[in-house]
Amino acid sequence: MAQQLRGENAAVRELLLALSVGFSLPGPLPAELERKVGGGDVESLDSLVAKAEASGLLLPDGTVVGTAQHALLTLTPTARIHALQRELVGCFAAEGRPLGDFARELARGGLADPRVAAELEKAANKALEHNPGLAAELYGEALLAGADELATAARRAHAAASTGDLDTAARIIDGVLGCPDPPDLRLAVDVSAAVWAQRGMLGRSADVYAWLGPSRVGASAPAAAVAMIGCGNRAGAEAMFPSGSAPSSPTLLAVAQAQTAKGIVESLAGDPHQGLPVLIHASDMLNASGATNPLPDTPGALAALVALHSGEPHLAETIVRAAAAAGQGGDAAKPRLFLLQAWSAMQQDNPEDARLAINEASKANHWPLVPRDEFLCAALEVGLARRSGEVHDLVLAWERAREAMLHTSVDLYNLLPWGELMITAARLRETRRVSHYLDEAWTLLHDLGDPPLWAVPLHWAGVQAALLNESPADLAPHATALARAADHSHLAWVLAAAGKAWVSVLAANFRAADVEAAARGLNAVGMPWEGARLAGHAAARADERKDMVRLLSCARDLHPQGSSAGTGASGPSEPRGTAAPENNNSMPPDGGSGLSEREKEVARLVLEGKTYREIGEAIYISPRTAEHHIARMRRRLGAENRSDLLVRLRLALGPENPQRE
């Protein structure tokens, strides 16, 4: 081909090179080629085109054959290629035509031209709010074309943070905030605050906004208020976002942000019921806007948290499902939304749905879970393991949670995980591992005026932990707090009644009707598993057969899948207050033996010398349920020790008793 395009065919080569670079027929073409054609130095353009087609190097549609195009672009000096590309860019500018995707090709090809950089930057700015992944690519290509690195830094960091690339965003922002008079300062602070929040250090987010100050915070005031309230600085939040503040503009995004801050402020009130609808409205507006602006937390996540703290996990699940479907907050926010969906499912005793949502969170974007989300996920694993009754799984989940604790700090928006870890730490006798974190949580709530909505679930966790530790002194302040909040919080009223019922059951001085009412109350506020545990434990301690049957029926109604709170006999079990409801197959006692059919099966296996685990494997129940059956038979038969129990079981089974060798 090189030989073919020499001499008199050199003009054909120029034409093919111009077309390979991006010029098109019928023109305009490079000035030098136009001059030669117009001056008669070479034959007409039509003649050149005919020769190129005849050579087989130019297709009828005016495009150069791929191999010829590659050869021409490879063999021609780069300076010559770039000169032609700049001339082509000038032609586009003269005609007022945008370069479009051609600008990206030029930048990736190494052409440094301010006009190309400007067009790529403009396209990136347009994509930033709704498609940060594309914006990140365009900003990178603009830098290749010679864009000012500092001028686009805050927006590049915004794009990186919105896609979940926190490390890149943080490195860029460090360069911006270190400058004496950086461009897009407010956006840079927003990105920095969002990155700190996702790293599990919301206090640093608040510090960044405090550094910016009320005089420069502008439209970021709502985000600043959310961050500051989250770390206990209500006064600072009010300085940034005074009560009754109007959004800076009437756009969906601005109103959504203003409503988010307003909802969080209202959630701190003694009667916090207005906060939830305001946050739901904010979430709906942000969904409609499609914006992915950097925020300490999304209104969807905050609305879900308020719903969970209000005892409405089903509503929380609905909110986060809608937010995730709308892409609220971009890829970076997806894992948190899915994890809150998982928490809502776990709260409603749907472990399978919770597992599915956790899996969705783990693959929501290209990056590992950020520390804030990793902590939430670890607490979820602990909660699911505690409810499943598998001690081995619980210990493994606890170890993961212990590590996740070290990478995050306490804030208002992660109190639910800390409550779950408080209960588990008490069960595993590891309270010292979380005590200083819990001290921070109580201090945070105190600084905010002990808002009932946020404090009640943590007090309930404190009640459960005190029951596990068998510590009335530790239980008293939490019970008092729940009773005090009951006037303004239905959830607090239900939890106070449930706590009172637990204490009466532990003291073996309870009325079955009161316990059942408390258990069903827990179910009504989205805690069926907790209600079933209460009813099941009370059934095991009931003196009257009718009370036992009633409470077992209640437990099965609330938790149909049977024993989920038990543990294997070999591991640490929850002390008295955590016994599980009976397995579905358990029946009221009948016959002269006083044993149900299921208990007879267990009794035969006990007489064969089987362990709890072996009994469970033989008749498809958990080891904990087997242990529970045996404990109840021992109480019913009046056995004082294991030897006495074996004798009484043989007598109870009579001729059914298997004769051992």
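Residues numbered from 1 in each chain as written. Predicted model: local features only at pLDDT ≥ 70, side-chain atom pairs only at ≥ 80, totals over all residues. Heavy atoms only, no water.

Participant: Give me the lowdown on the overall build of the chain, citing residues and values where you can.
Facilitator: Within the chain, the secondary structure is distributed over 35 helices and zero strands. With respect to the principal axes defined by its C-alpha atoms, the chain has extents near 120 × 65 × 35 Å. Within the chain, the fraction of its 661 residues that count as buried is 55%. Within the chain, counting contacts between residues at least 6 apart in sequence, those at least 24 apart form 66% of the total. (Helix = DSSP H or I, 4+ residues; strand = E, 2+ residues; numbered from the N terminus. Buried < 20%, exposed > 50% of the residue type's maximum accessible area, 1.4 Å probe, protein only. Contact = heavy atoms within 4.5 Å.)

Participant: Could you give me a rundown of the pattern of salt bridges, with the residues and numbers involved?
Facilitator: On inspection of all chains with the given rule, the structure shows 34 salt bridges. For Arg108, the salt bridge identified is with Glu141, shortest N-O distance 2.8 Å. Here Arg108, found in helix H6 (residues 101-108), pairs with Glu141, found in helix H8 (residues 132-144); they are 33 residues apart in sequence, far enough to count as distant. When its relative accessible area of 7% is taken as the criterion, Glu141 is described as buried. We note a salt bridge from Glu360 to Lys363, for which the minimum N-O separation is 3.7 Å. With a relative accessible area of 34%, Glu360 lands in the partly exposed category. If you follow the salt bridges from partner to partner, you end up with Arg104, Arg108, Glu137 and Glu141 in one network. (Salt bridge = Lys/Arg side-chain N within 4 Å of Asp/Glu carboxyl O.)

Participant: Describe unusual backbone geometry, with residues and values.
Facilitator: Omega for the peptide link from Leu25 to Pro26 comes to 10 degrees, which places this bond in the cis form. With phi around 60 degrees, Arg429 is a residue other than glycine that occupies positive phi space. Within the secondary structure layout, Arg429 lies in the loop between helix H24 (415-427) and helix H25 (435-447). Look at Arg429 and you get exposed, because its relative accessible area is 52%. Phi at Glu470 takes a positive value of approximately 50 degrees, unusual for a residue other than glycine. With respect to the helices and strands, the residue Glu470 is situated in the loop between helix H26 (452-468) and helix H27 (472-485).

Participant: Go over the packing of H24 against H25 with me, naming the residues and quoting the values.
Facilitator: The contact between H24 and H25 brings their axes to 11 Å, and the two run at 140 degrees. The angle between H24 and H25 places the two elements in the oblique class. When you trace H24 past H25, the crossing you get is left-handed. Between H24 and H25, the contacting residues are Leu415, Trp418 and Met422 on the first element and Tyr437, Leu438, Ala441, Trp442 and Leu445 on the second. (Axes fitted to C-alpha atoms, helices over the stretch in contact; angles between N-to-C directions. Parallel < 35°, antiparallel > 145°, perpendicular 65-115°, else oblique. Left-handed = near helix turned anticlockwise from the far one by under 90°.)

Participant: Explain the environment of Ala161 residue by residue, including any values.
Facilitator: Assignment of secondary structure puts Ala161 in helix H9 (residues 153-162). Taking the C-alpha atoms as reference points, Ala161 and Trp343, separated by 182 residues in sequence, lie 25 Å from one another. In contact with Ala161, not counting residues within four places along its chain, are Leu166, Ala169, Val191, Val195 and Ala332.

Participant: Residues and numbers for the packing of aromatic side chains, please.
Facilitator: The full count for this structure, using the stated rule, is four aromatic pairs. Aromatic pair Phe375 and Trp418: ring centres 4.7 Å apart, planes at 40 degrees, arrangement tilted. Highlighted residues: Phe375 in helix H22 (residues 371-388) and Trp418 in helix H24, separated in sequence by 43 residues. Here Phe375 and Trp418 have matching classes, each one buried. Their ring planes at 20 degrees and their centres at 4.6 Å tell us that Trp418 and Tyr437 sit as a pair that is stacked. Separated by 19 residues along the polypeptide, Trp418 in helix H24 and Tyr437 in helix H25 bring together distant segments of the chain. We classify Tyr437 as buried; its relative accessible area is 10%. An aromatic cluster of three or more residues is present, and its members are Phe375, Trp418 and Tyr437. Its end group placed over the ring of Trp196, Arg204 keeps NZ or CZ at 5.3 Å from the ring centre. One Lys or Arg, Arg387, reaches over the ring of Trp529 and ends 5.1 Å from the middle of that ring. (Phe/Tyr/Trp six-rings, centres within 6.5 Å; stacked < 30°, edge-to-face > 60°. Lys NZ or Arg CZ within 6 Å of the ring centre and 35° of its normal.)

Participant: Can you explain the packing of helix H28 (residues 490-506) against helix H29 (residues 512-524)? Please cite residues and give values.
Facilitator: Contact geometry of H28 with H29 gives a least axis separation of 9 Å together with a crossing angle of 140 degrees. Accordingly, the angle class assigned to the pair H28 and H29 is oblique. Of the two elements, H28 crosses H29, and the hand of that crossing is left-handed. Together, Val494, Leu495, Ala497, Ala498, Ala501 and Val505 of H28 and Val515, Ala518, Gly521 and Leu522 of H29 make up the contact between the two elements. The residue inventory of the contact of H28 with H29, partitioned by class, reads nine nonpolar, one polar and no charged. (Nonpolar A, V, L, I, M, F, W, Y, C, P; charged D, E, K, R; others polar.)

Participant: Which residues make up the side chain of Asp113, and what are the values?
Facilitator: Positionally, Asp113 belongs in the loop between H6 and helix H7 (114-128). Discounting residues that sit within four places of it in the chain, Asp113 has contacts with Arg86, Val89 and Ala145.

Participant: Break down the side chain of Arg156 for me, citing the residues and quoting the values.
Facilitator: Summarising the element assignment, Arg156 is placed in helix H9. Summary of buried charges: Arg156 has no salt-bridge partner, and the nearest side chain of opposite charge, Glu149, is 4.3 Å away. If near-sequence neighbours (up to four positions away) are discounted, Arg156 is found in contact with Tyr139, Leu143, Glu149 and Ile172. (Lys, Arg positive; Asp, Glu negative; His and termini not counted.)

Participant: Could you give an account of the nonpolar core, with specific residues and numbers?
Facilitator: Counting 100 residues, the largest nonpolar core has Tyr209, Leu412, Tyr413 and Trp454 as the members making the most contacts within it. Ranked by the residues each element gives to this core, the list is headed by H22, at nine residues. Once you skip the residues sitting within four places of it in the chain, Tyr209 turns out to touch Val189, Asp190, Ala193, Val217, Ser220, Ala223, Ala224, Ala227, Met228, Met240 and Pro296. Counting 45 residues, the second-largest nonpolar core is a separate cluster that includes Phe23, Leu58, Ile81 and Leu99. (Core = buried A, V, L, I, M, F, W, Y, C linked by side-chain atoms within 4.5 Å.)

Participant: Any chance you could break down H29 for me, citing the residues and the numbers?
Facilitator: The terminal C-alpha atoms of H29, which comprises 13 residues, lie 18 Å apart, in line with the 18 Å expected from a rise of 1.5 Å per residue. The set of residues buried in H29 consists of Ala512, Val515, Glu516, Ala518, Ala519, Gly521 and Leu522. Trailing H29 by a residue or two, Gly526 shows a phi angle of about 80 degrees, which is positive. (Expected span 1.5 Å × (residues − 1).)

Participant: Please give an account of the environment of Ala639 that cites residues and values.
Facilitator: Counting through the fold element by element, Ala639 comes out in the loop between helix H34 (623-637) and helix H35 (642-653). With 520 residues separating them along the chain, Ala639 and Glu119 place their C-alpha atoms 87 Å apart. If we ignore the near neighbours within four places in the chain, the residues touching Ala639 are Arg634, Asp644, Leu645 and Arg648.

Participant: Could you give an account of helix H19 (residues 313-325), with specific residues and numbers?
Facilitator: For H19, built from 13 residues, the straight-helix expectation of 18 Å at 1.5 Å per residue is met to within 8% by its first-to-last C-alpha distance of 18 Å. Where H19 is buried, its residues contact helix H17 (275-289), helix H18 (299-309) and helix H20 (334-347). Looking one or two places after H19, you find Gly327, whose phi comes out positive at around 70 degrees.

Participant: How would you explain the confidence of the model for the chain if you had to name every residue and give the values?
Facilitator: Per-residue confidence for the chain gives a mean pLDDT of 86, with 92% of residues at or over 70. Low pLDDT, under 50, characterises residues 563-592; the predicted model gives this stretch 113 contacts beyond four residues in sequence or across chains. (pLDDT = per-residue confidence, 0-100.)

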